[in-house]
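If you want the building blocks of each chain, they are given just below.
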Amino acid sequence: MAQDHDRPLKVFAGYDDFTDGVAFYMRSHPLAAHVLDGPISPAMGQRIGRDGIALLCPASPRDPSSAANCMNAATSLMARFPLGKQQEIEVSRRYLGFDGAPARYLLFAIPPRQP
């Protein structure tokens, strides 16, 4: 997914415990926003418009019903911000020099509004 701007990521949301865990390990330490867990406040909607957001849902989840909720919430949010993009990615964890099993995720990116 091409980056359309050079600003650091300020807001991140993910599936289940990804929201807090992934945001913690990101270089820019974005706000961990739980926007895929329920309704979005008007203030958070404004912040997403201003700062953008990255959303992460598993492509092959352990719990299909929860993952469907993630996908539905992400798709609904993407509909509110038509410049957003979606891409499937593969990620593997690396620990003590060893790669873990790869997993596939759907990454949704909503860019910030241009000033």
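This text goes with the structure placed above it.
Residues numbered from 1 in each chain as written. Predicted model: local features only at pLDDT ≥ 70, side-chain atom pairs only at ≥ 80, totals over all residues. Heavy atoms only, no water.

Asks: Help me understand the pairing of strand E1 (residues 11-14), please; the structure alone is not making it clear to me.
Replies: The side chains of a regular strand alternate between both faces of the sheet. The alternating pattern of E1 places Val11 and Ala13 on one face and Phe12 and Gly14 on the opposite face, and all of these are buried. Pairing of E1 with strand E2 (residues 31-32) involves two bridges; the strand directions are parallel. Paired with valine 11 across the strands is leucine 31, a residue of E2. Where E1 lies against strand E3 (residues 53-58), three bridges are found, and the strand directions are parallel. Counterpart to phenylalanine 12 in the pairing with E3 is alanine 54. (Buried < 20%, exposed > 50% of the residue type's maximum accessible area, 1.4 Å probe, protein only. Helix = DSSP H or I, 4+ residues; strand = E, 2+ residues; numbered from the N terminus. Pairing = 2+ DSSP bridges.)

Asks: Got a minute to help me understand the state of the cysteines in this structure?
Replies: Here, disulfide denotes a covalent bond that connects the sulfur atoms of two cysteines. Per the stated rule, a full pass over the model turns up one disulfide. Bridging cysteine 57 to cysteine 70, the disulfide has an S-S length of 2.0 Å. The S-S bond linking cysteine 57 to cysteine 70 shows a torsion near -85°; that makes this disulfide left-handed. With cysteine 57 in strand E3 and cysteine 70 in helix H3 (residues 64-80), this pair connects stretches of sequence that are 13 residues apart. Here cysteine 57 and cysteine 70 have matching classes, each one buried. (Disulfide = S-S within 2.5 Å.)

Asks: What is the right way to read the pattern of salt bridges from this model?
Replies: Where side chains of opposite charge bring their charged atoms close, a pairing between them can arise. Across all of its chains, the model carries six salt bridges by this definition. One salt bridge in this structure joins aspartate 51 and lysine 10, with 4.0 Å as the shortest N-O distance. In this pair, aspartate 51 sits in helix H2 (residues 42-51) while lysine 10 sits in the segment before E1, placing the two residues 41 residues apart along the sequence. Note that aspartate 51 is salt-bridged to arginine 47, the shortest N-O span being 3.0 Å. Of this pair, aspartate 51 and arginine 47 both sit in helix H2, four residues apart, roughly one helical turn. Under the relative-accessibility criterion, aspartate 51 is labelled buried at 10%. Bridged by salt links that share partners, the residues Lys10, Arg47, Arg50 and Asp51 form one connected network. (Salt bridge = Lys/Arg side-chain N within 4 Å of Asp/Glu carboxyl O.)

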